Amino acid sequence: MLIRNRTAFEEARHIQAIIFDKTGTLTKGEFGVTETLSFDKSYDEKEILKFAAAVESESEHPIAQGIVKSSENKYEVKEFKSIPGKGAEGKVNDKDVKVVSPGYLEENKMEIKEKEKIEQLSGQGKTVVFVVIENKLTGAIALGDIIREESKEAIKQLKEMGIKTMMLTGDNKQVAKWVADELGLDDYFAEVLPDKKAEKVKEVQGRGMIVAMTGDGVNDAPALAQANVGIAIGTGTDVAVESADIILVRSNPKDVVSLIKFSKATYKKMIQNLIWATGYNVIAIPLAAGVLYSAGIILSPAIGAVLMSISTIIVAINAKLLKFT
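Read on for a plain summary of the structure.

Calculation criteria
- Residues numbered from 1 in each chain as written.
- Predicted model: local features only at pLDDT ≥ 70, side-chain atom pairs only at ≥ 80, totals over all residues.
- Heavy atoms only, no water.
- Pairing = 2+ DSSP bridges.
- Helix = DSSP H or I, 4+ residues; strand = E, 2+ residues; numbered from the N terminus.
- Contact = heavy atoms within 4.5 Å.
- Axes fitted to C-alpha atoms, helices over the stretch in contact; angles between N-to-C directions.
- Core = buried A, V, L, I, M, F, W, Y, C linked by side-chain atoms within 4.5 Å.
- Buried < 20%, exposed > 50% of the residue type's maximum accessible area, 1.4 Å probe, protein only.

A look at the sheet that holds strand E11 (residues 211-215)
Here is step 1 of the chain: With mixed pairing, the 7 strands of this open sheet are ordered in space as E1-E13-E12-E11-E2-E9-E10. Edge positions in the sheet fall to strand E1 (2-3) and strand E10 (187-189), since each has one partner strand and no second.
Here is step 2 of the chain: Note: strand E2 (residues 17-21) against strand E9 (residues 164-168), 5 bridges, orientation parallel. Its bridge partner being in E9, isoleucine 18 is matched across the sheet by threonine 165.
Here is step 3 of the chain: In the packing of helix H8 (residues 173-183) onto the sheet, contacts are made with E9 and E10, and the angle to E10 comes to roughly 155°.

Structure (structure tokens):
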């Protein structure tokens, strides 16, 4: 991490609430498969995903690339063709395979199966595409913004430290609620316009809390500046980085936990060294000045110099031990 504001770094040990931006911070900001449904017992979910990935491997669409990245193994596709505005098709293992939108199903009067589940996924803000094999609706694939693997552990550790965890996003309430429930967040703010993010930070501060804000986008800059401690992801925009007090080199929410622990450990070492240095001066200087001369106790300048050196060495060694904290 890069500490740009020492005062804010020291304040990090008092953080009571952390607000995370969703896209690019808690999530990867890229499409990925979240669920695969099979409507035909002849094909399991993995097989359906492999068929879809084979067809989409020839497409450059973000959704297509999300399907391709989510499949470990892919079949070869032949006779690939795009279906303008509706999807794509091709021959996979000598079968005609199409990956299409709901609009294609309506146009071809194909009944959508498991409607309630599909509506539930759509309500979470996910994009749902359908897999048609040999002109038979065989499965469906839901894609959404992928939650970072490290996010759950980071939220868990922060809550164990007694810190409230919150999220800011411009996405709708269904998407925000899904992410918040997946991560176990204490609160979330959905449908927040870019220029209103700083106001939400101020709102939480109004509850009497010391607030940290973590984000990576241009829109996060005012919120980062408003927070008691602004934390930017190093891979974020220059504006966000310039507005932050502390910059995390990696896009890893767990580094926020490390930051808080580091702030607490640094303060603890500072107090320990202050006590040691003060104790030395309170005892050694009066002895060197001859306070106990009448009792036959006096500290010679040579011994005083040695003790002063030892004191400095102990303080330096104690500070070095911070890396093992």
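Observations regarding the nonpolar core
Here is step 1 of the chain: If you look at the biggest cluster of nonpolar residues, it comprises 29 residues, and the most contacted ones within it are Ile15 and Ile18.
Here is step 2 of the chain: Counting residues per element, the ones that place at least two in this core are E2, helix H7 (149-160), H8, strand E12 (229-233), strand E13 (246-248) and helix H12 (254-289).
Here is step 3 of the chain: Examining the composition of this core, we find that 5 residues originate from one element, H8, more than from any other.
Here is step 4 of the chain: Setting aside its immediate chain neighbours within four residues, isoleucine 18 contacts Leu158, Ile163, Lys164, Thr165, Met166, Ala212, Thr214, Val256 and Ile260.
Here is step 5 of the chain: Counting 20 residues, the second largest nonpolar core, distinct from the first, contains Ala54, Ile63, Ala88 and Val131.

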